[in-house]
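# Coordinate inspection notes
Below, each chain spelled out in residue letters.
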Amino acid sequence: MYWRLSNLYFWFFALLGGLLPYWSLYLEGQGFSYLQIATLMATIQLTKIIAPSVWGWLGDRTGQRVRLVRFGAITGSLFFAGVFLEPGFYGLLLVMLAFTFFWNAILPLYEVITLRTLGARKEKYGKVRLWGSVGFIFAVGLVGGVLEFVPVQTLPWLLLPVFAGIAVSAFLVPSEVGEPKSAAPKGSLKKIVTHPAVVTFFLMNFLLQVSHGAYYTFFSIHLEQHGYGKLSIGLLWSLGVIAEIALFLIMHRLSRRFSVRQIALGALTLTMIRWVLIAEVTDVVAVLVFAQCLHAASYGALHAISVQYIQGFFGRHHHGQGQALYSGLTFGAGGALGAWLSGFLVEGFDTSAAFWGGAGAMLVAIAVTWRGLRPPPTEQ
């Protein structure tokens with residue numbers, strides 16, 4: 001089961017590795033403005049506001065999460081094919097909205113499948129999840145290398161084998177016996193989401209993803225403007241994920257030594273430093289390498305504690321909905337708003353201004369977390 005669970009993570013994040021670093025460059029090559037690029041990139045996050053809640057609710061109600069993952073993989077791939085029609089800005093916006101609505105169903109459902117399968121061996125989660133990081137690195141390096149020799153307009157064709165990998169790996173996960181959840185205590189979900197520590201947790205992650213808007217939307221364009229080639233851009237993206245893998249491998253030790261609050265505050269502070277370095281010291285390769293290594297803090301550490309935080313607070317009755325809220329309110333709403341706001345900053349100033357905006361969001365997140373974050377209870 002280790003390899004079956006790891007396989008889908010590999011291909012899912014391989015698609016992300018082929019898409020995120022280069023899609024903004026593809027859109028720039030298609031002649032879109034910076035604000036249009038920001039809007040189109042925001043759709044990747046925007047559908048996370050609704051899609052995970054819909055699919056998470058269906059998964060909790062029916063117990064058929066594996067079948068829903070397979071449906072999302074196939075249907076999302078079919079909608080992405082609309083890119084090849086080159087439908088213009090509004091047509092591409094619709095294609096991206098439809099594609100990501102189904103694609104964004106996969107990960108929150110699969111996180112629940114993985115944790116349920118691991119059972120009492122939850123400390124193994126990091127070792128399973130790290131294969132997603134391996135897939136990301138593989139795709140970033142391969143696609144970046146190919147794009148050194150072919151036009152960036154060929155990017156959609158380069159992604160087709162990855163879509164096939166996602167579809168095949170979804171069918172390698174054994175089918176579940178449909179076990180709809182038992183009725184949850186009345187009002188229990190409302191009680192959870194209004195808990196002050198949970199509100200703080202979601203606000204912290206919302207601001208974290210707002211700060212990542214500039215990174216996911218304009219990091220590649222920012223580097224290209226400073227003279228970096230596509231392969232170099234890909235390697236720098238990969239470096240961040242390599243640091244993330246290293247973090248996942250030792251996260252269980254950090255969790256035993258430091259509290260959730262200490263890890264969160266440390267990771268947020270390092271993330272703020274990262275955005276400042278990218279904004280101001282882009283031309284110094286050694287500093288940029290260090291900044292990318294901080295991805296271990298800005299994504300790896302915070303995601304690892306967040307998955308456990310959700311499990312502790314939401315328990316077995318609302319685990320799927322907890323994952324959906326985490327994805328929707330943070331990666332969805334936060335990521336989309338961050339991407340869109342970064343578009344205004346780049347349009348009005350430059351790409352460095354967008355990263356300074358991200359650093360400002362982190363300053364607010366540190367204050368919020370310092371004031372209100374508390375450790376999660378044990379799983380209910």
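Note: the structure precedes this text.
Residues numbered from 1 in each chain as written. Predicted model: local features only at pLDDT ≥ 70, side-chain atom pairs only at ≥ 80, totals over all residues. Heavy atoms only, no water.

### Points about the overall build of the protein
Check the secondary structure of the protein and you find 16 helices and zero strands. Computed over C-alpha atoms, the radius of gyration of the protein comes to 20 Å, within 12% of the 21 Å expected from 2.2 N^0.38 for 380 residues, which places it in the range of a compact globule. Along the three orthogonal principal directions, the C-alpha set of the protein runs to about 55 × 45 × 35 Å. Surface summary for the protein: the accessible area is close to 15,400 Å², and the carbon and sulfur share equals 68%. (Helix = DSSP H or I, 4+ residues; strand = E, 2+ residues; numbered from the N terminus. Rg over C-alpha atoms; globule rule 2.2 N^0.38 Å. Areas by Shrake-Rupley, 256 points an atom, 1.4 Å probe, with all protein chains shown as cover.)

### A word on the nonpolar core
The biggest cluster of nonpolar side chains holds 120 residues, and the ones touching the most others in it are Trp23, Leu27, Trp103 and Trp237. In terms of residue count, the dominant contributor to this core is helix H1 (residues 2–29) (15 residues). Residues within four places of Leu27 in sequence aside, it is in contact with Phe32, Ile37, Leu40, Met41 and Leu92. (Core = buried A, V, L, I, M, F, W, Y, C linked by side-chain atoms within 4.5 Å. Buried < 20%, exposed > 50% of the residue type's maximum accessible area, 1.4 Å probe, protein only. Contact = heavy atoms within 4.5 Å.)

### Let's talk about the side chain of Ser342
Along the chain, Ser342 falls in helix H15 (residues 319–348). By relative accessible area, which is 3% here, Ser342 ends up buried. When residues no more than four places from it in sequence are discounted, the contact partners of Ser342 are Gly213, Ala214, Thr217, Phe218 and Ala354.

### Focus on a nonpolar patch on the surface
A cluster of nonpolar residues, Leu46, Ile49, Ile50 and Val54, forms a patch on the protein surface that exposes about 310 Å² of accessible area. Secondary-structure assignment places Ile49 in the loop between helix H2 (34–46) and helix H3 (51–62). (Patch = residues over 30% accessible without salt bridge, like charges linked within 9 Å, V, L, I, M, F, W, Y side chains within 5 Å. Salt bridge = Lys/Arg side-chain N within 4 Å of Asp/Glu carboxyl O.)

### Considering the pattern of salt bridges
Two side chains that carry opposite charge are able to pair once their charged atoms sit near each other. Inspection of the entire model under this criterion finds one salt bridge. Among the salt bridges present, the one from Glu224 reaches Lys230, with a minimum N-O distance of 3.7 Å. Residue Glu224 is classed as partly exposed on the basis of its relative accessible area of 30%.

### Notes on helix H13 (residues 285–293)
Where H13 is concerned, the buried positions are Leu288, Ala291 and Gln292. Buried residues of H13 fall within an arc of 95° about the axis and therefore sit on the same side. (Arc of directions from axis to C-beta.)

### Thoughts on the packing of aromatic side chains
Summed over all chains, the structure comprises 29 aromatic pairs. Between Tyr34 and Phe218 the ring centres are 6.1 Å apart and the planes differ by 75°, which places this aromatic pair in the edge-to-face class. Remark: Phe218 occurs in helix H10 (residues 196–225) and Tyr34 occurs in helix H2; sequence separation between them is 184 residues. Residue Phe218 is classed as buried on the basis of its relative accessible area, which comes to 0%. Geometrically, the ring pair formed by Phe99 and Phe163 is edge-to-face, given 5.7 Å between the ring centres and 65° between the ring planes. Remark: Phe163 occurs in helix H8 (residues 155–170) and Phe99 occurs in helix H5 (residues 88–103); sequence separation between them is 64 residues. The burial state of Phe99 is the same as that of Phe163; both residues are buried. Against the face of Trp370 rests Arg261, its NZ or CZ located 4.7 Å from the ring centre. (Phe/Tyr/Trp six-rings, centres within 6.5 Å; stacked < 30°, edge-to-face > 60°. Lys NZ or Arg CZ within 6 Å of the ring centre and 35° of its normal.)

### Things to note about the packing of H10 against helix H12 (residues 260–280)
Working note: a packed helix pair is described by the angle between its axes plus the distance between those axes. Contact pair H10 / H12: the axes reach a minimum separation of 12 Å and the direction vectors enclose 25°. Put simply, H10 runs roughly parallel to H12. Along this stretch, H10 crosses H12, giving a crossing that reads as left-handed. Across the interface between the two elements, Met204, Leu208, Ser211, His212, Tyr215, Phe219 and His222 from H10 touch Ala264, Leu268, Thr271, Arg274, Trp275, Ile278 and Ala279 from H12. In terms of residue class, the contact of H10 with H12 is made up of nine nonpolar, four polar and one charged. (Axes fitted to C-alpha atoms, helices over the stretch in contact; angles between N-to-C directions. Parallel < 35°, antiparallel > 145°, perpendicular 65-115°, else oblique. Left-handed = near helix turned anticlockwise from the far one by under 90°. Nonpolar A, V, L, I, M, F, W, Y, C, P; charged D, E, K, R; others polar.)

### A closer look at the side chain of Ser169
Topologically, Ser169 is positioned in helix H8. Here the side chain of Ser169 touches Gly165 through a polar contact of 2.9 Å, landing on its backbone oxygen. Only 3.0 Å separates the side chain of Ser169 from the backbone oxygen of Ile166, close enough to count as a polar contact. Aside from chain neighbours lying at most four places away, what touches Ser169 is Asn7, Leu8 and Trp11. (Polar contact = N/O pair within 3.5 Å; in protein donor to acceptor, adjacent residues only side chain to side chain.)

### Some remarks on the environment of Val128
Its location among the elements puts Val128 in helix H7 (residues 125–147). Judged by relative accessible area, which is 1%, Val128 ranks as buried.

### Some remarks on unusual backbone geometry
Unlike most non-glycine residues, Glu86 shows phi in positive territory, near 45°. Mapping Glu86 onto the fold places it in the loop between helix H4 (65–80) and H5.

### A few points about the environment of Phe355
Within the secondary structure, Phe355 sits in helix H16 (residues 351–372). As a C-alpha pair, Phe355 and Trp157 span 198 residues in sequence and 31 Å in three-dimensional space. Leave out the neighbours within four places in its chain, and Phe355 touches Ala214, Tyr215, Phe219, His222, Trp275, Ile278 and Ala279.

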